[in-house]
Amino acid sequence: RVLFRSLGGTIEIQTKVNEGTQFLIRLPLSMSVISAIVVRLNGCLYAVGTADIIETQWVSSQDIKMNVNQAYLKYRDQFIPCIDLEQQIHGYDEIEHSYQSRVFVCILKQKELYYALKVGALEGNTEIAVKPLPELSPKIPYVTGVSVLPTGKPVFVLSLGRLVREKFNSEQTKWTDLSIAGREF
């Protein structure tokens with residue numbers, strides 16, 4: 001555990017009787033080349049590794065439903081939690097952007113559960129060299145590194161998997177306990 005922390009990472013150990021032990025090791029990106037999509041959030045560009053994303057699509061704003069202060073998107077005959085990335089990263093007020101008729105979403109799968117992440121716009125996809133954040137840089141939620149796009153523009157690299165883990169592991173309610181699959185709102 002000390003070794004992983006010294007590298008800026010974490011290790012989680014989960015043991016279930018008669019099932020076995022699972023080790024989850026997370027290490028920060030260090031000068032690596034990844035395939036990424038570039039998204040626009042509140043006018044700023046961010047890169048997101050495609051390894052976190054299983055699908056991207058445009059959806060009608062009407063397809064996103066609210067239930068108990070959480071947005072859901074109907075995806076493959078079930079409702080999945082939908083996180084507004086602009087709100088998570090920049091903290092804007094949802095009412096300001098309610099005029100959009102179609103929104104772009106990235107679909108993630110974490111531990112057999114699906115999640116939708118709403119972004120402002122898709123700018124394209126590319127290969128980027130990711131560098132770790134400098135030690136003295138401010139801590140920005142869910143940013144795991146920095147890069148320079150082929151156009152010369154700098155971008156922060158977001159970890160959508162980390163965002164989902166932190167958001168849903170920190171909440172009291174587990175999504176598997178909600179029993180909303182297939183339910184109409």
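Here, the structure is the one placed above.
Summary of the structure given here. Small disclaimer: the values here were computed from a predicted structure and weren't measured.

The next thing to look at is helix 3 (residues 160–169). For helix 3, the full list of buried residues reads L160, G161, L163, V164, K167 and F168. Each buried residue of helix 3 sits inside an arc of 160° when the element is viewed along its axis, so together they form one side. Its side-chain oxygen at 3.1 Å from the backbone nitrogen of R162, S159 defines the N-terminal cap of helix 3.

Quick look at the sheet that holds strand 8 (residues 78–84) now. Here 6 strands make up an open sheet; going across it, the order is 5-9-10-8-7-6 and the pairing mixed. Strands at the two margins of the open sheet, each flanked by one partner only, are strand 5 (53–60) and strand 6 (64–67). Averaged over neighbouring strand pairs, the angle between their axes works out to 40° when direction is ignored. In this structure, strand 5 lies alongside strand 9 (residues 102–110), joined through 7 bridges in antiparallel fashion. In the sheet register, Q57 faces strand 9, and the bridge partner there is V105. Running over the sheet, helix 3 touches strand 5, strand 7 (70–75), strand 8, strand 9 and strand 10 (113–119) and is turned about 80° from strand 9.

So, about the sheet that holds strand 11 (residues 121–130). Taken together, 5 strands build an open sheet; the order of strands is 11-3-4-13-12 and the sheet is mixed. Pairing within the sheet leaves two strands with one partner each, and these edge strands are strand 11 and strand 12 (143–148). On average, each strand axis in the sheet is inclined to that of its neighbour by 35°, with strand direction left out of account.

Attention now moves to the nonpolar core. In this structure, L41, L117, L158 and V164 are the most contacted members of the largest nonpolar core, which totals 22 residues. Taken together, the elements giving at least two residues each to this core come down to strand 3 (32–41), strand 4 (44–49), helix 2 (85–90), strand 9, strand 10 and helix 3. Counting residues per element, this core draws most heavily on helix 3, at 4 residues. Excluding its chain neighbours within four sequence positions, the residues that come into contact with V164 are I83, L108, Q110, Y115, L117 and N169. With 12 residues, the next largest nonpolar core counts L73, I80, V103 and Y114 among its residues.

About the thresholds
- Residues numbered from 1 in each chain as written.
- Predicted model: local features only at pLDDT ≥ 70, side-chain atom pairs only at ≥ 80, totals over all residues.
- Heavy atoms only, no water.
- Buried < 20%, exposed > 50% of the residue type's maximum accessible area, 1.4 Å probe, protein only.
- Helix = DSSP H or I, 4+ residues; strand = E, 2+ residues; numbered from the N terminus.
- Arc of directions from axis to C-beta.
- Polar contact = N/O pair within 3.5 Å; in protein donor to acceptor, adjacent residues only side chain to side chain.
- Pairing = 2+ DSSP bridges.
- Axes fitted to C-alpha atoms, helices over the stretch in contact; angles between N-to-C directions.
- Contact = heavy atoms within 4.5 Å.
- Core = buried A, V, L, I, M, F, W, Y, C linked by side-chain atoms within 4.5 Å.

Functional significance is not addressed by these values, which are geometric in nature.
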